[in-house]
Amino acid sequence: MQILSVQSSVAFGHVGNSAAVFPLQRLGHEVWPVFTVHFSNHTGYGAWRGPLLDPADVREVVIGIEERGAFASVDAVLSGYQGSPEIADVILDAVARVKAANPAATYTCDPVMGNAKSGCFVNPAIPPIICEKVVPAADIVTPNQFELGFITGHDSLGEPSPLAAILEAADEVRALGPSTVLITSVDRDDTPEDEIEMIAVTGDGAWSVRTPRLPLKANGSGDVTAALFTAHLHTTGSPADALGRTAASIFGVLEETLASGHRELQIIAAQEVIANPPARFEVAQVR
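Remember, predicted model here, so these are calculated numbers, not experimental data. The residue numbers shown here count from 1 along each chain, following its written sequence. Given that this is a predicted model, residues contribute local features only at a pLDDT of at least 70 and side-chain atom pairs are listed and counted only at 80 or more, while totals for whole chains, interfaces and linings are drawn from all residues. Side-chain numbers come from the whole structure's heavy atoms, not from hydrogens or water.

## Some details on the overall build of the protein chain
Keep this limit in mind: A run of H or I in DSSP becomes a helix once it reaches four residues, and a run of E becomes a strand once it reaches two; helices and strands are each numbered from the N terminus. Every radius of gyration here is taken over C-alpha atoms, with the globule rule written as 2.2 Å times N^0.38, N being the number of residues. When a residue's accessible area, from a 1.4 Å probe over protein chains only, is under 20% of the maximum for its type it is buried; when over 50% it is exposed; and in between it is partly exposed. We call two residues in contact when some of their heavy atoms are within 4.5 Å. Only the protein chains shown count as covering a residue, and every accessible area follows the Shrake-Rupley method with a 1.4 Å probe. We count Lys and Arg on the positive side and Asp and Glu on the negative side, and we leave His and both chain ends out. Every charge is mapped onto a representative atom, which is NZ of Lys, CZ of Arg, CG of Asp or CD of Glu.
Of the regular secondary structure elements, the protein chain holds nine helices and 11 strands. Rg of the C-alpha trace for the protein chain: 17 Å, near the compact-globule value of 19 Å for 287 residues, within the 12% margin. Dimensions of the protein chain, computed from the C-alpha atoms along their principal axes, are close to 50 × 40 × 35 Å. Of all 287 residues assigned to the protein chain, the portion counted as buried reaches 53%. A separation threshold of at least 6 residues defines the contact pool for the protein chain, and within that pool the share at least 24 residues apart is 67%. As displayed, the protein chain has an accessible area near 11,800 Å², and 51% of this comes from carbon and sulfur atoms. With 17 positive and 34 negative side-chain charges, the protein chain shows a separation of 3 Å between the mean positions of the two kinds.

If you want it as structure tokens, here you go:
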């Protein structure tokens, strides 16, 4: 696969493109990273240095890749943390350019806005743009449960929710345009407290996978999840297989991170579980 990934970059640690690129490469895919910011570290530390890149500069990088004749071979566009509201138009323009060159290409939007514990942690101007402009242009969206509730206006999804309510919200997102919704950090009202869940929803059904809930907060895990799910869905054509492989790899990375005692994702140390995800967790069809 050839993937154009428009996301943030950090020098220290692993979030955005700094989390997504290596796992995709380890799976054997070619990745062209375009940075929206270049920070010293992720913003979860509360302090960081480095620039938000000017949207005009980001666009220039995209156009430069296009001028190499590369877009006809792009299989997927991937976007995550946008940094500034104006980046959305740059991303949408990049998607349009890629799809003009290759109509079979897909666009995966990781609608990074916030989570249930922190609420929205991005520029307040960004979430409405993601909801109104970016999500409808996507083929695949990968919100966490909080972001799913924000997109659909169901604030209650930030708390434990029935499966039916989660699937209903996913269908509302699909009605906006995307064909596939991957919901991460799912907290169902009937899920054991020591487990956490991911659910993939398409027009053909819905599938769930549960893994143990580990005692750590890992910035960047959603970025890796969106990248791996996109790659596995393209290569297998099966939402269930993509879900199972992604869950196995992410859990392996988180296990390695917890064991290391470090805050940053240990994606280099855990690269074997990324390259060869074991059939570790059962994927159940829930619709």
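After that view, the rundown keeps rolling.
## Considerations on the packing of aromatic side chains
Worth spelling out the cut-off: Pairing of aromatic side chains here covers Phe, Tyr and the six-membered ring of Trp, requires ring centres within 6.5 Å, and sorts the geometry by plane angle: under 30 degrees stacked, over 60 edge-to-face, intermediate tilted.
Per the stated rule, a full pass over the model turns up three aromatic pairs. Ring centres 6.4 Å apart and planes at 55° place the aromatic pair F12 and Y45 in the tilted group. You can see F12 sitting in the loop between β1 (2-10) and α1 (17-26) and its partner Y45 sitting in the loop between β2 (30-39) and α2 (55-67), a full 33 residues away along the chain. For Y45, a relative accessible area of 33% puts it in the partly exposed group. Ring geometry for F39 against W48: centres 5.8 Å apart, planes inclined by 40°, an arrangement best described as tilted.

## A few points about helix α7 (residues 221-236)
Think of an α-helix as 3.6 residues a turn; residues three or four steps apart then line up on the same face. Quick reminder of the rule: Given the number of residues in a helix, its expected span is that number minus one, multiplied by 1.5 Å.
Here α7 is 16 residues long and its end C-alpha atoms lie 22 Å apart, about the 22 Å a rise of 1.5 Å per residue gives. For α7, every residue scored as buried is listed here: D223, V224, T225, A226, A227, L228, F229, T230, A231, H232 and L233. Looking one or two residues past α7, G237 carries a phi angle of roughly 70°, positive in sign.

## What to know about the packing of α2 against helix α3 (residues 87-101)
Put simply, the rule reads: Interaxial angle, 0 to 180 degrees, is taken between N-to-C directions of lines fitted to C-alpha atoms, where a helix line uses only the stretch in contact. For classification purposes, angles smaller than 35 degrees are called roughly parallel, those larger than 145 roughly antiparallel, those between 65 and 115 roughly perpendicular, and all remaining angles oblique. In this classification, the charged set is Asp, Glu, Lys and Arg, the nonpolar set is Ala, Val, Leu, Ile, Met, Phe, Trp, Tyr, Cys and Pro, and all remaining amino acids, among them Gly, are polar.
One can describe the packing of α2 onto α3 by two numbers: an axis separation of 9 Å at closest approach and a directional angle of 10°. Taken together, the axis directions place α2 and α3 in an arrangement best described as roughly parallel. Packed against α2, whose contacting residues are P55, V58, R59, V62, I63 and E66, the element α3 presents I87, D89, V90, D93, A94 and R97 at the interface. Residue classes in the contact of α2 with α3 are distributed as seven nonpolar, no polar and five charged.

## Some details on the side chain of S208
The condition is simple: Think of a polar contact as two N or O atoms within 3.5 Å of one another; within protein, one of them needs to be a possible hydrogen donor and the other a possible acceptor, and neighboring residues in sequence only count if both atoms come from side chains.
Summarising the element assignment, S208 is placed in strand β10 (residues 205-212). Within the structure, S208 has its side chain in polar contact with the side chain of E197 (distance 2.3 Å). Apart from the residues within four sequence positions on either side, S208 is in contact with R188, E197, M198, I199, L243, E282, V283, A284 and V286.

## A word on the packing of α3 against helix α4 (residues 126-134)
Quick note on the threshold: Left-handed is the label given to a crossing in which the near helix is rotated counterclockwise from the far helix by less than a right angle, and right-handed is the label when the rotation is clockwise.
As a packed pair, α3 and α4 sit with axes 10 Å apart at the nearest point and diverge in direction by 25°. In terms of axis orientation, α3 runs roughly parallel to α4. As for how α3 packs across α4, the hand of that crossing is right-handed. The residues of α4 that touch α3, namely those facing A88, D89 and L92, are I129, K133 and V134.

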